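Listed here are the chains, written in short residue letters.
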Amino acid sequence: EHAEGGPVAVTLHRNVRGVVTKVTDDSITVNGQVCLLDPLTVHYEGLATEPSPKPLAQPLQAGDSVVLECFDNRVDGTLTVHFMRRLERAA
């Protein structure tokens, strides 16, 4: 017996790196790209190898430099942040 293969869901990751322009309870905007946040999003601070306890002692804000690892949701075109690392705080 051989079953015909159907479409396979592939989780694609996308890195978004840059300066935060907006932060809301459920999204973060970096370089014009809106990325969704969810309760499972993991935060790292600087070069830390362990996630920050949530909430961050200094919450993310516009002007912070970050790198986001996102799931690319092909169905609706949104990005959801899997983990984020703040590289530098706004001056």
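Residues numbered from 1 in each chain as written. Predicted model: local features only at pLDDT ≥ 70, side-chain atom pairs only at ≥ 80, totals over all residues. Heavy atoms only, no water.

1. Considering the confidence of the model for the chain
Segments scoring low in pLDDT should not have their predicted coordinates read at a detailed level. For the record, the criterion: Per-residue confidence from the predictor is reported as pLDDT, which spans 0 to 100. Strands here are runs of E lasting at least two residues and helices are runs of H or I lasting at least four, both read from the DSSP assignment and numbered beginning at the N terminus.
Overall, the prediction assigns the chain a mean pLDDT of 87, with 84% of residues at 70 or greater. For the chain, the element scoring lowest by mean pLDDT is strand E4 (residues 42–45), at 92; strand E2 (residues 27–30) scores highest, at 96.

2. Quick notes on the pattern of salt bridges
Between side chains of opposite charge, pairing is possible as soon as their charged atoms come close. For clarity, the cut-off: A side-chain nitrogen of Lys or Arg and a carboxyl oxygen of Asp or Glu constitute a salt bridge if their distance falls within 4 Å. Exposure categories follow from relative accessible area, calculated using a 1.4 Å probe and restricted to protein chains: below 20% of the type maximum is buried, above 50% is exposed, and the middle band is partly exposed.
Tallied over the full model, the rule gives 4 salt bridges. Between Arg14 and Asp72 there is a salt bridge, and its shortest N-O distance comes to 2.7 Å. Within this pair, whereas Arg14 is found in strand E1 (residues 12–23), its partner Asp72 is found in strand E5 (residues 65–73), the two being separated by 58 residues in sequence. A residue is classified by how much of its surface remains accessible, and Arg14, at 36% relative accessible area, is partly exposed. Shared partners join several salt bridges into a network, and the residues in it are Arg14, Asp72 and Arg74.

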